[in-house]
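# Tertiary structure, described
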Amino acid sequence: MSIAYSRIKVRIVEVRGLETPGLEEGSTWEKGNLLFRSPREGRIYRSEKSRWARGTDAQGRSYLLWEADHYRARGLVIQPEESCYCFEVSRISA
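Below: a short report on this structure. Just so it is clear, the model here is predicted, and its values are computed rather than measured. (Residues numbered from 1 in each chain as written. Predicted model: local features only at pLDDT ≥ 70, side-chain atom pairs only at ≥ 80, totals over all residues. Heavy atoms only, no water.)

## Some words on the packing of aromatic side chains
- Here the structure, examined in full by the defined rule, presents 2 aromatic pairs.
- Ring centres 6.4 Å apart and planes at 90° place the aromatic pair F36 and W66 in the edge-to-face group. One end of the pair, F36, is in strand β2 (residues 28-37); the other, W66, is in strand β4 (residues 62-70), and 30 residues separate them in sequence. For the residue pair F36 and W66, the accessibility class agrees, reading buried in each case.
- Centre to centre, the rings of Y45 and W66 are 4.8 Å apart; their planes meet at 45°, and the pair counts as tilted. Of this pair, Y45 sits in helix α1 (residues 42-48) while W66 sits in strand β4; the two residues are 21 residues apart in sequence, bridging distant segments of the chain. W66 matches Y45 in its accessibility class, with the two residues each being buried.
- Three or more aromatic residues link up through ring pairs in this structure, and these residues are F36, Y45 and W66. (Phe/Tyr/Trp six-rings, centres within 6.5 Å; stacked < 30°, edge-to-face > 60°. Helix = DSSP H or I, 4+ residues; strand = E, 2+ residues; numbered from the N terminus. Buried < 20%, exposed > 50% of the residue type's maximum accessible area, 1.4 Å probe, protein only.)

As structure tokens, then:
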């Protein structure tokens, strides 16, 4: 499958209550294709949810990783903090 969105590497800087294999401070993840539009921006979810991780890209933009239960995606997704769009996410091996 080809990707329609640019792949962005995100380094995890904070983890709160989210227990996913390989998800820890300092790990690197990659944003993939668009999955769905969330009703809230990522920064709002960070204050509402108790389980999440936060990361930053090379340009300093912040992202929220959280577990979605959506008809288009179940499991870990990545969402820019200033956006409502949720994307696929995968760990980059160290």
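## A closer look at the nonpolar core
- Residues I8, V10, I12, L18, L23, W29, A53, Y63, L65, I78, F87 and V89 constitute the largest nonpolar core, which totals 12 residues.
- Counting only elements with at least two residues in this core, the list comes to β1 (8-16), β4 and β6 (85-92).
- The element that contributes the greatest number of residues to this core is β1, accounting for 3 residues.
- If near-sequence neighbours (up to four positions away) are discounted, F87 is found in contact with Y5, K31, G32, N33, L34, L35, V77, I78 and P80.
- Residues Y45, W52, L64 and C86 belong to the second largest nonpolar core, which totals 10 residues. (Core = buried A, V, L, I, M, F, W, Y, C linked by side-chain atoms within 4.5 Å. Contact = heavy atoms within 4.5 Å.)

The analysis is restricted to geometry; functional conclusions fall outside its scope.
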